[in-house]
Amino acid sequence: MDMKQTILTRRSRFFTEKHSPSDRECTALLEAANAAPVANGNYSDVKISVIQDQELLAKIEAAVCAAMPAVGAHPIYHAPTAILISGRKGEGPNAAIPYCNASCIVENILLEATDLGLGSIYLFAVPAVMQMLPELCELAGVPSGFMPIAMAAVGKGTDGLAAREADRTKIETVRL
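Asker: Looking at this structure, I do not really get the overall build of the chain. What am I missing?
Answerer: Regarding its fold elements, the chain presents six helices and four strands. What you see in the chain, going N to C, is helices and strands ordered as α-α-β-α-β-α-β-α-α-β. Its C-alpha atoms give the chain a radius of gyration of 16 Å, within 12% of the compact-globule value 16 Å for 176 residues. The buried share among the 176 residues of the chain stands at 39%. Look at the contacts in the chain between residues 6 or more apart in sequence, and 82% of them connect residues 24 or more apart. As displayed, the chain has an accessible area near 9800 Å², and 54% of this comes from carbon and sulfur atoms.

Written out as structure tokens, the structure is:
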């Protein structure tokens, strides 16, 4: 699929519970993640955890549901694989950098998933709750001094891949 088609086809999805990405697909997703830019090239400030243990995913979902009932019963949307992006905790003017890094990484994962014919969704509430639960962070492989920031849920989508219209946001151009 060409890049424009991938961008127009990518959207959030629900998942069939049984189809985990293959080893080849996971490798491609992680290669895409590692190709993302991070601030000042400090890749040591980022940790990526691939979570496919269904018991751990269930624990994470239960914790998120308890903390944020509005997210619904399945905040990971039945995805068989969740890729957690953690970043070194920043302070002061640099506090937002880990969030920017994680967003670039997750977007690459989402686009690669689409290119592979997989469904994907960007999750923010899940890692936000995990930040408050050190025991879940430890189970998910988040190192000391890091915090969970973003997550990509990936798997076989319940619907097919179809392109959508690109003109959905009002864009204003300011030229001086």
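Asker: Sorry, what's going on with the sheet that holds strand β1 (residues 46-51) here?
Answerer: Strands in a sheet are paired, the pairing made by backbone hydrogen bonds, and the direction either parallel or antiparallel. In spatial order, the strands read β1-β2-β4-β3; together these four strands make up an open sheet with antiparallel pairing. Two strands close off the open sheet at either side, each with one partner strand: β1 and β3 (119-123). Taking the axes of each pair of neighbouring strands and ignoring which way they run, one obtains an average angle of 20° across the sheet. In terms of strand pairing, β3 meets strand β4 (residues 146-155) through five bridges, oriented antiparallel. Opposite Ser 120, over in β4, you have Val 154 as the bridge partner. Packed on one face of the sheet, helix α4 (residues 97-115) meets β1, β2 (81-88), β3 and β4 and runs near 10° to β4.

Asker: I keep staring at the nonpolar core and nothing clicks. Help me out?
Answerer: A general tendency of soluble globular proteins is for nonpolar side chains to be buried together. Core analysis: the biggest nonpolar cluster contains 23 residues, and Ile 51, Ile 60, Ile 76, Val 126, Met 130 and Met 151 have the highest contact counts within it. Listed by contribution, the elements that provide at least two residues to this core are α3 (54-67), β2, β3, α5 (125-130), α6 (134-139) and β4. If you tally residues by element for this core, the top one is α3, at five residues. With sequence-adjacent residues up to four places away left out, Ile 60 is seen in contact with Ile 51, Ile 76, Val 126, Met 130 and Leu 136.

Asker: Just checking my understanding: could you explain helix α2 (residues 23-34) for this structure?
Answerer: Since one α-helical turn is 3.6 residues long, residues separated by three or four positions face the same way. Between its first and last C-alpha, α2 extends 16 Å over 12 residues, near the 16 Å set by a 1.5 Å rise per residue. On the buried face of α2, the contacting elements are β1, β2, α4 and β4.

Asker: When you look at the pattern of salt bridges in this model, what are you seeing that I'm missing?
Answerer: A side chain of one charge can pair with a side chain of the opposite charge when the charged atoms of the two come close. One pass over the structure, following the stated rule, counts one salt bridge. The partner of Arg 88 in a salt bridge is Asp 45, with the nearest N and O atoms 2.7 Å apart. Of this pair, Arg 88 sits in strand β2 while Asp 45 sits in the loop between α2 and β1, placing them 43 residues apart in sequence. Taking the relative accessible area as the measure of exposure, Arg 88 reaches 37% and is therefore partly exposed. Judged by its relative accessible area of 23%, Asp 45 falls in the partly exposed class.

Asker: Would you mind showing me how to read the side chain of Ser 49 here?
Answerer: With respect to the secondary-structure elements, Ser 49 resides in strand β1. A polar atom in the side chain of Ser 49 sits 2.9 Å from the backbone oxygen of Ala 140. With near-sequence residues (within four places) excluded, Ser 49 lies in contact with Ala 82, Ile 83, Leu 84, Ala 140 and Gly 141.

Rules used throughout
- Residues numbered from 1 in each chain as written.
- Predicted model: local features only at pLDDT ≥ 70, side-chain atom pairs only at ≥ 80, totals over all residues.
- Heavy atoms only, no water.
- Helix = DSSP H or I, 4+ residues; strand = E, 2+ residues; numbered from the N terminus.
- Rg over C-alpha atoms; globule rule 2.2 N^0.38 Å.
- Buried < 20%, exposed > 50% of the residue type's maximum accessible area, 1.4 Å probe, protein only.
- Contact = heavy atoms within 4.5 Å.
- Areas by Shrake-Rupley, 256 points an atom, 1.4 Å probe, with all protein chains shown as cover.
- Pairing = 2+ DSSP bridges.
- Axes fitted to C-alpha atoms, helices over the stretch in contact; angles between N-to-C directions.
- Core = buried A, V, L, I, M, F, W, Y, C linked by side-chain atoms within 4.5 Å.
- Expected span 1.5 Å × (residues − 1).
- Salt bridge = Lys/Arg side-chain N within 4 Å of Asp/Glu carboxyl O.
- Polar contact = N/O pair within 3.5 Å; in protein donor to acceptor, adjacent residues only side chain to side chain.

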